[in-house]
Amino acid sequence: KEELAGKVNLASQLKAENIRIVAVNDRGKERESPFRNRQVGNIKIEFNLAENNVAPIEGKKIMIRIVDQNGQVLFDVARGSGTFIYNNKEEFYTAAQEILFDNTRQKLTYLYDKGSDYAPGTYTLEVYCDDYKMGSGQFSVK
């Protein structure tokens, strides 16, 4: 029974698909990566939740982390950041949304305003739910 419960837990994990990361400038124009620093007003992250017939229809907290090339998470409590437990360690997240997962391949959009310039380099986007990683992506700033 425990082994079956473990398999059901694994099968019910949500997956992020079609992850799209764009920079949105002050006039609302979107650009694909790589971005120039002056073109980045906000970072817009969009993805779908993959269909999952095993996952229960319930409320979920979906968190994203934007990690720079030095391994530092972009984090600002005043802009909605916080912490969560992952692999028995407290980790920072950049932004989060509470959703009702209803297995309709729903689309989630995050708009993150860092409030300052991005250092040039490659950034990694990680998407988490509960205590597992749902997906990841990357973007570059010149």
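Treat the numbers as computed from the prediction; the structure is a model and nothing was measured.

## Side note on the confidence of the model for the protein
Averaged over all residues, the pLDDT of the protein equals 87, while 96% of them reach at least 70. Averaged over each element, pLDDT in the protein is lowest for helix α1 (residues 2-11) (71) and highest for strand β6 (residues 89-93) (93).

## Brief notes about the sheet that holds strand β7 (residues 95-101)
An order of β7-β4-β9-β10 is seen for the 4 strands of this open sheet, with the pairing classed as antiparallel. Across the chains shown, the open sheet's two edge strands, defined by having one partner strand only, are β7 and β10 (132-141). Across this sheet, the average inter-strand angle for adjacent strands is 20°, counted without regard to direction. In this sheet, β7 lies alongside strand β4 (residues 58-67) in antiparallel orientation, the contact comprising 7 bridges. Considered in β7, the bridge of Gly59 is made with Leu100.

## Overview of the pattern of salt bridges
Under the criterion given, the structure shown has 15 salt bridges. Lys44 is paired through a salt bridge with Glu30; the nearest N and O atoms lie 2.6 Å apart. Of this pair, Lys44 sits in strand β3 (residues 42-49) while Glu30 sits in strand β2 (residues 30-32); the two residues are 14 residues apart in sequence, bridging distant segments of the chain. The buried category is assigned to Lys44, whose relative accessible area is 17%. Classification of Glu30 by relative accessible area gives partly exposed; the value is 33%. Of the charged contacts in the structure, one is a salt bridge between Lys133 and Glu126, with a shortest N-O distance of 3.8 Å.

## Section: the nonpolar core
Core analysis: the largest hydrophobic core is formed by 30 residues, its most contacted members being Ile45, Phe47, Ile62 and Met134. Elements with a contribution of two residues or more to this core: β1 (16-24), β3, β4, β7, β8 (107-112), β9 (121-129) and β10. Judged by nonpolar contacts, the second largest core, of 5 residues, contains Phe84, Tyr86, Tyr93 and Tyr128.

## Here we look at the side chain of Glu126
Secondary-structure assignment places Glu126 in strand β9. In this structure Glu126 comes out as buried when scored by relative accessible area, which is 13%. Looking at Glu126, its side chain comes within polar contact range of the side chain of Tyr128, at 2.9 Å. When neighbours within four sequence positions are excluded, Glu126 is seen to be in contact with Met63, Ile64, Arg65, Val67, Lys133, Gly135 and Ser136.

Criteria and cut-off values
- Residues numbered from 1 in each chain as written.
- Predicted model: local features only at pLDDT ≥ 70, side-chain atom pairs only at ≥ 80, totals over all residues.
- Heavy atoms only, no water.
- pLDDT = per-residue confidence, 0-100.
- Helix = DSSP H or I, 4+ residues; strand = E, 2+ residues; numbered from the N terminus.
- Pairing = 2+ DSSP bridges.
- Axes fitted to C-alpha atoms, helices over the stretch in contact; angles between N-to-C directions.
- Salt bridge = Lys/Arg side-chain N within 4 Å of Asp/Glu carboxyl O.
- Buried < 20%, exposed > 50% of the residue type's maximum accessible area, 1.4 Å probe, protein only.
- Core = buried A, V, L, I, M, F, W, Y, C linked by side-chain atoms within 4.5 Å.
- Polar contact = N/O pair within 3.5 Å; in protein donor to acceptor, adjacent residues only side chain to side chain.
- Contact = heavy atoms within 4.5 Å.

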